[in-house]
Amino acid sequence: MNKVLNSIKSIDDVATGHLPGYFFPKLVELGHLAIEPLSSNSLGNICYYLHFNNLFRRFNNKNEIVDLAKPDSIENSYELYEEFDEIILKPGESIIGQTFEKIGISNWLLAKLENTSALGRVFLNHASHGFSHPGHGSNEPIRIMLELTNLGKKDVKIHTAKIVDGKVIGTEAMRIYIEKLPYPAEDYKEISSTHKLKMNGSDKS
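Residues numbered from 1 in each chain as written. Predicted model: local features only at pLDDT ≥ 70, side-chain atom pairs only at ≥ 80, totals over all residues. Heavy atoms only, no water.

**Student:** Would you explain the overall build of the chain in this entry?
**Tutor:** Within the chain one finds five helices and 15 strands. By the compact-globule yardstick of 17 Å for 205 residues, the chain fits well, its C-alpha radius of gyration being 18 Å. With the C-alpha coordinates of the chain rotated into their principal frame, the extents come out at 60 × 40 × 25 Å. Long-range pairs, those at least 24 residues apart, make up 74% of the contacts in the chain between residues at least 6 apart in sequence. Surface exposure of the chain reaches about 11,400 Å², of which carbon and sulfur atoms provide 51%. Here the chain carries 23 positive and 26 negative side-chain charges, and the mean point of each set is 4 Å from the other. (Helix = DSSP H or I, 4+ residues; strand = E, 2+ residues; numbered from the N terminus. Rg over C-alpha atoms; globule rule 2.2 N^0.38 Å. Contact = heavy atoms within 4.5 Å. Areas by Shrake-Rupley, 256 points an atom, 1.4 Å probe, with all protein chains shown as cover. Lys, Arg positive; Asp, Glu negative; His and termini not counted. Charge placed at Lys NZ, Arg CZ, Asp CG, Glu CD.)

**Student:** Is there a simple way to think about the nonpolar core in this case?
**Tutor:** The tendency in soluble globular proteins is for nonpolar side chains to be buried side by side. Counting residues in hydrophobic clusters, the biggest one holds 34 residues, and the most contacted among them are Leu27, Leu33, Phe52, Ile176 and Ile178. For this core, the leading source of residues is strand β15 (residues 172-180), giving four residues. Every residue in contact with Leu33, bar those within four places of it in the chain, is listed here: Phe24, Leu27, Val28, Gly104, Ile105, Leu109 and Ile178. (Core = buried A, V, L, I, M, F, W, Y, C linked by side-chain atoms within 4.5 Å. Buried < 20%, exposed > 50% of the residue type's maximum accessible area, 1.4 Å probe, protein only.)

**Student:** Would you explain the side chain of His126 in this entry?
**Tutor:** With respect to the element layout, His126 can be found in strand β9 (residues 124-126). Accessibility expressed as a relative area gives 12% for His126, which makes it buried. A polar atom in the side chain of His126 sits 2.8 Å from the backbone oxygen of Ala173. Sequence-distant contacts of His126, defined by excluding residues within four places in its chain, comprise Asn115, Leu119, Leu146, Glu147, Leu148, Ala173 and Met174. (Polar contact = N/O pair within 3.5 Å; in protein donor to acceptor, adjacent residues only side chain to side chain.)

**Student:** In this structure, what is going on with the packing of aromatic side chains? I would like to understand it.
**Tutor:** Think of a pair of aromatic rings as described by two things: how far the centres are apart, and how the planes are tilted against each other in angle. Evaluated as defined, the whole model comprises two aromatic pairs. Look at Tyr22 and Phe23: their rings are 5.4 Å apart centre to centre, the planes differ by 40°, and that puts the pair in the tilted class. On the accessibility criterion, Tyr22 (30% relative accessible area) is partly exposed. Ring centres of Phe59 and Tyr78 lie 4.6 Å apart, and the angle between their planes is 20°; this geometry places the pair in the stacked category. Here Tyr78 lies in strand β5 (residues 78-82) and Phe59 lies in strand β4 (residues 55-59), a separation of 19 residues in the sequence. (Phe/Tyr/Trp six-rings, centres within 6.5 Å; stacked < 30°, edge-to-face > 60°.)

**Student:** Would you explain the pairing of β4 in this entry?
**Tutor:** Across the five residues that make up β4, a large majority, four, are buried. Note that β4 and β5 share five bridges and pair antiparallel. Residue pairing in the sheet places Phe56 in a bridge with Tyr81 of β5. (Pairing = 2+ DSSP bridges.)

**Student:** Sorry if this is basic, but what is going on with the side chain of Lys180 here?
**Tutor:** Turning to its location among the elements, Lys180 is positioned in strand β15. Comment: no salt bridge for buried Lys180; closest opposite-charge side chain is Asp12, at 5.7 Å. Polar contacts involving the side chain of Lys180 include one to the main-chain carbonyl oxygen of Ile11, which spans 3.1 Å. Setting aside residues no more than four positions away along its own chain, Lys180 makes contact with Ile11, Val14, Ala15, Thr16, Gly17, Leu19, Trp108 and Leu109. (Salt bridge = Lys/Arg side-chain N within 4 Å of Asp/Glu carboxyl O.)

**Student:** When you look at the pattern of salt bridges in this model, what are you seeing that I'm missing?
**Tutor:** A side chain with one charge may pair with a side chain of the opposite charge, provided their charged atoms come close. As enumerated under the stated definition, the model contains eight salt bridges in all. Here Glu86 ties to Lys157 by a salt bridge, and the two come within 3.6 Å at their closest N and O atoms. On the criterion of sequence distance, the pair formed by Glu86 in strand β6 (residues 86-89) and Lys157 in strand β12 (residues 156-159) is long-range, its members being 71 residues apart. On the basis of relative accessibility, which here comes to 32%, the residue Glu86 falls in the partly exposed class.

**Student:** Just to check I follow, could you spell out the environment of Leu33 for this structure?
**Tutor:** Looking at the element boundaries, Leu33 is found in strand β2 (residues 33-36). Put simply, Leu33 and Ile103 are 70 residues apart on the chain and 7.6 Å apart in space, counted from C-alpha to C-alpha.

**Student:** Would you take a moment to explain a nonpolar patch on the surface for this structure?
**Tutor:** A cluster of nonpolar side chains, Phe59, Val66 and Leu68, forms an exposed patch at the surface whose accessible area comes to about 310 Å². The class of Phe59 is partly exposed, set by a relative accessible area of 46%. (Patch = residues over 30% accessible without salt bridge, like charges linked within 9 Å, V, L, I, M, F, W, Y side chains within 5 Å.)

Shape descriptors only; they carry no functional weight alone.
Structure (structure tokens):
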């Protein structure tokens, strides 16, 4: 393992395809991956475990139609609030959250996102995420937005992340897998015109 890592001097030395977890710190070292903060206890054998931040959005009580063609309609349908330690999600309830960690990948990488087994077993379902586009957060690492619904029959408590003794602890929000592309992709931010819901005014996702 160490011999393989020591032989890698640039992204050109990294094989195309799905990369094992021990490659992630090397990609950070090469400047092609950012995970902030990077915690050794969150590194899996083929993935990295991300956690919940303490900012959330819920639908407000206004009885209005959300018009997807109007960005203001989307923004105004939610209310922002902060939970410092935990949040309880009731059956049928949906929230918008974000990862505690900030992520950035170069145009050479594709980040695949997947629900965790722990969330799946209590029927907490992610609505949209399948991957993060190449180049996403490459200039400034960003938190990944999470659209979560409780499809089960019981209240579920989510613990927001904190750093204890240099390690991130809290409920795992999702797994992130990294794949090396055979060729660099175009920058997603330059070719996408889709409106993105922001967690708050300073959010860069």
